[in-house]
Amino acid sequence: MSGLEVLHHDLAALEAAIADDDLATAAGLLDAYQQRLEGTVASAAVPLPVPALRALLDAQLALTARLGVRRDAAAAQLRQAHRANAASRVYAGLEQAP
């Protein structure tokens with residue numbers, strides 16, 4: 001398996017860990033991916049093929065976009081929870097008013 005194929009495999013493993021909400025594993029995989037990417041680029045005896053690098057970049061960008069969607073959904077849930085909490089505090093204050 002070539003270095004670029006291994007990097008694609010690493011991205012797939014990272015995405016699977018994120019999908020399983022296994023964030024500790026995902027963090028380790030991300031660190032390993034970063035190190036392997038830097039090592040692959042630095043140790044390449046010949047320039048890496050542009051189409052293969054573009055495919056890897058596209059995979060990274062797609063994963064980043066999916067993470068952004070998850071982040072936005074989590075933020076929306078947090079905002080909703082804060083609004084519900086604030087509303088319940090106001091309601092509780094009204095019940096205690098004379």
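Please refer to the structure placed before this passage.
Undergrad: An account of the overall build of the protein chain is needed here, citing residue identities and associated values.
TA: Check the secondary structure of the protein chain and you find three helices and zero strands. What you see in the protein chain, going N to C, is helices and strands ordered as α-α-α. Over its C-alpha trace the protein chain gives a radius of gyration of 22 Å, far above what one expects of a compact globule, namely 13 Å for 98 residues. Oriented by its inertia axes, the alpha-carbon framework of the protein chain measures out at about 80 × 25 × 20 Å. Residue burial in the protein chain is summarised as follows: out of 98 residues, 14% are buried. Taking all contacts inside the protein chain whose residues are at least 6 apart in sequence as the whole, residues at least 24 apart take part in 67%. With an accessible surface of roughly 7100 Å², the protein chain has 64% of that area assigned to carbon and sulfur atoms.

Undergrad: Could you give an account of the nonpolar core, naming the residues involved and the relevant values?
TA: In terms of nonpolar packing, the biggest core is built from 11 residues, these being Leu-4, Leu-7, Leu-11, Leu-14, Ala-17, Ile-18, Ala-26, Tyr-33, Leu-37, Leu-56 and Leu-63. Elements that contribute at least two residues to this core include exactly α1 (3–19), α2 (23–43) and α3 (50–96). Top contributing element to this core by residue count: α1, with six residues. Not counting residues up to four positions away in its chain, the partners in contact with Ile-18 are Ala-26, Leu-63, Leu-67 and Arg-70.

Undergrad: Report on α2, specifying residues and quantitative values.
TA: The first and last C-alpha atoms of α2 sit 30 Å apart over 21 residues, in line with the 30 Å expected at 1.5 Å per residue. Among all positions in α2, only Ala-26, Tyr-33, Leu-37 and Thr-40 are buried. The buried residues of α2 all sit within an arc of 70° when viewed along its axis, so they share a single face. Turned more than 90 degrees away from the buried face of α2, the exposed residues are Ala-24, Gln-35, Ala-42 and Ser-43. On its buried face, α2 is in contact with α1 and α3.

Undergrad: Tell me about the side chain of Thr-40, residues and numbers included.
TA: Along the polypeptide, Thr-40 turns up in helix α2. Those residues in contact with Thr-40, other than ones at most four positions away along the chain, are Gly-3, Leu-7 and Leu-48.

Undergrad: Give me the side chain of Asp-10: which residues, what numbers.
TA: Within the fold, Asp-10 resides in helix α1. Beyond its immediate stretch of four places on either side in the chain, Asp-10 contacts Tyr-33 and Arg-36.

The rules behind each value
Within every chain, residues take consecutive numbers counted from 1 along the sequence as written. Predicted model: local features are reported for residues with pLDDT of at least 70 only, side-chain atom pairs are reported and counted for 80 or more only, and whole-chain, interface and lining totals are derived from all residues. Excluded from the side-chain calculation are hydrogens and water; included are all heavy atoms of the structure. Only runs of H or I of at least four residues qualify as helices and only runs of E of at least two qualify as strands under DSSP, and these elements are numbered from the N terminus. Radius of gyration: C-alpha atoms only; globule rule: 2.2 Å multiplied by the number of residues to the exponent 0.38. For every residue, the accessible area obtained with a 1.4 Å probe (protein chains only) is divided by the maximum for its type, and the residue is called buried under 20%, exposed over 50%, and partly exposed between those limits. The contact definition used throughout considers only heavy atoms, calling two residues in contact when any of these lie within 4.5 Å. The accessible surface values rely on the Shrake-Rupley method and a 1.4 Å probe; as for residues, cover is taken only from the protein chains in view. What is meant by a nonpolar core is a set of buried Ala, Val, Leu, Ile, Met, Phe, Trp, Tyr and Cys residues, joined one to another through side-chain atoms within 4.5 Å. What a helix is expected to span follows from its residue count: subtract one and scale by 1.5 Å. Summarising the geometry, the arc corresponds to the directions from the helix axis toward the C-beta atoms.

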